[in-house]
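# Structural features, examined
Here are the chains, one letter per residue:
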Amino acid sequence: MNRLFFLGVFFVISVLSYSHLWLEEDGKELKLLYGHKHSSHEGASIMEYKPEYVLDIRCLKNGKIEKISFERKYPVSVYNDCDVYYVLFSSGYWTKTVYGAKNISKEGQSQVLKSWQSFESVKYIKKYSERLKSPLSEDLEIVLLTDTEKVKSGDKLRLQVFYKGKPAKDVVIAYKDKPRGTTDEEGKINITVKEKGFQIISATLTEKGDGIKCDEIIRTANLNFIVKE
């Protein structure tokens, strides 16, 4: 394993594995939730977020992508009639000082230890199609090359990660809160499904910030689907 992999492992464990963003079916609605319900770490099962953090919701239905309008009310919900949903979410700027972390940029702050801007997305696959072998957005996104409807516990999945529409290499992939490796030159990686039920796979990419409002831009992409057997 190389140094880049260990740095990625440290980052996932220290920052991203504490909580998740996911989509959950609730009858005729699909709700966007955040918290530790699907995490092995301690913490509130569901944590409230500000509805204005939701930047974009997209629906894939019959092979066509369309943006969905939604009410800015917690928890953000949409009508559950699409094959796939994609949500882009941002809690904005965060700055950690000797006094703790605040949801603000580092501009004008003193004794700053670290600052970052956070973007997180989640894609929930209800029904698989060939269209899912390419991304639905320009942001960081995990593409599942294996048909979810044929996957069973113990099977291997073939994944590909894209950013700005292009394959992204050296991206850390985590499954069940544990790093499984980094993507290759084509942005691809294989992972093994450990058990049936609701699945969360995460990808992490860190970019350099502008140095004024933040030091880093952290992007996290989550992939949700259900394994029935």
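Of all hydrophobic cores here, the largest spans 30 residues; its most connected members are Leu157, Leu159 and Ile201. Breaking this core down by element, the ones donating at least two residues are strand 6 (84-97), strand 9 (141-144), strand 10 (156-163), strand 12 (172-175), strand 14 (188-192), strand 15 (197-208) and strand 16 (216-227). Formed by 19 residues, the second largest nonpolar core is a distinct cluster that contains Tyr53, Ile68, Val78 and Val87.

Time to look at the packing of aromatic side chains. The tally for this structure, following the rule as stated, stands at five aromatic pairs. Here the aromatic rings of Tyr53 and Phe89 are separated by 5.6 Å at their centres, their planes lie at 85°, and the arrangement is edge-to-face. Taken as a pair, Tyr53 in the loop between strand 2 (29-35) and strand 3 (54-61) and Phe89 in strand 6 lie far apart in primary sequence, 36 residues in all. A residue is classified by how much of its surface remains accessible, and Tyr53, at 14% relative accessible area, is buried. The buried category is assigned to Phe89, whose relative accessible area is 5%. One aromatic cluster is present, built from ring pairs that chain together Tyr34, Tyr49, Tyr53, Tyr74 and Phe89. In this structure, Lys114 packs its charged tip against the face of Trp116, placed 6.0 Å from the ring centre. The ring of Phe119 carries Arg219 above its face, with NZ or CZ at 4.7 Å from the centroid.

Here the focus is the side chain of Glu141. Structurally, Glu141 can be placed in strand 9. At 2.9 Å, the side chain of Glu141 forms a polar contact with the side chain of Lys123. A distance of 2.9 Å separates a polar atom in the side chain of Glu141 from the backbone nitrogen of Leu136. Contact partners of Glu141, with chain neighbours within four places excluded, come to Tyr86, Lys123, Pro135, Leu136, Gln160, Val161, Phe162 and Ala221.

Right, let's get into the pattern of salt bridges. A complete count under the given rule lists 13 salt bridges for this structure. Among the salt bridges present, the one from Glu141 reaches Lys123, with a minimum N-O distance of 2.9 Å. Of the two residues, Glu141 sits in strand 9 while Lys123 sits in strand 8 (residues 112-125), which places them 18 residues apart along the sequence. Neither Glu141 nor Lys123 differs from the other in exposure class; each is buried. Salt-bridge contacts for Glu186 lead to Lys188; the nearest nitrogen and oxygen are separated by 3.7 Å. Judged by its relative accessible area of 46%, Glu186 falls in the partly exposed class. The network of salt bridges with common partners includes Asp139, Glu207 and Arg219.

It is worth spelling out unusual backbone geometry at this point. Of the consecutive residues Tyr74 and Pro75, the connecting peptide bond is found in the cis state with omega at -15°. Take Pro75: it is sitting in the loop between strand 4 (64-67) and strand 5 (77-79). Backbone geometry places Asn62, a non-glycine residue, at a positive phi of 55°. The residue Asn62 is located in the loop between strand 3 and strand 4 in this model. Take Asn62: its relative accessible area is 68%, and that puts it in the exposed class. Phi is positive for Asp170, which is not a glycine, with a value near 60°.

Here is what the cut-offs are and how they apply
- Residues numbered from 1 in each chain as written.
- Predicted model: local features only at pLDDT ≥ 70, side-chain atom pairs only at ≥ 80, totals over all residues.
- Heavy atoms only, no water.
- Core = buried A, V, L, I, M, F, W, Y, C linked by side-chain atoms within 4.5 Å.
- Buried < 20%, exposed > 50% of the residue type's maximum accessible area, 1.4 Å probe, protein only.
- Helix = DSSP H or I, 4+ residues; strand = E, 2+ residues; numbered from the N terminus.
- Phe/Tyr/Trp six-rings, centres within 6.5 Å; stacked < 30°, edge-to-face > 60°.
- Lys NZ or Arg CZ within 6 Å of the ring centre and 35° of its normal.
- Polar contact = N/O pair within 3.5 Å; in protein donor to acceptor, adjacent residues only side chain to side chain.
- Contact = heavy atoms within 4.5 Å.
- Salt bridge = Lys/Arg side-chain N within 4 Å of Asp/Glu carboxyl O.

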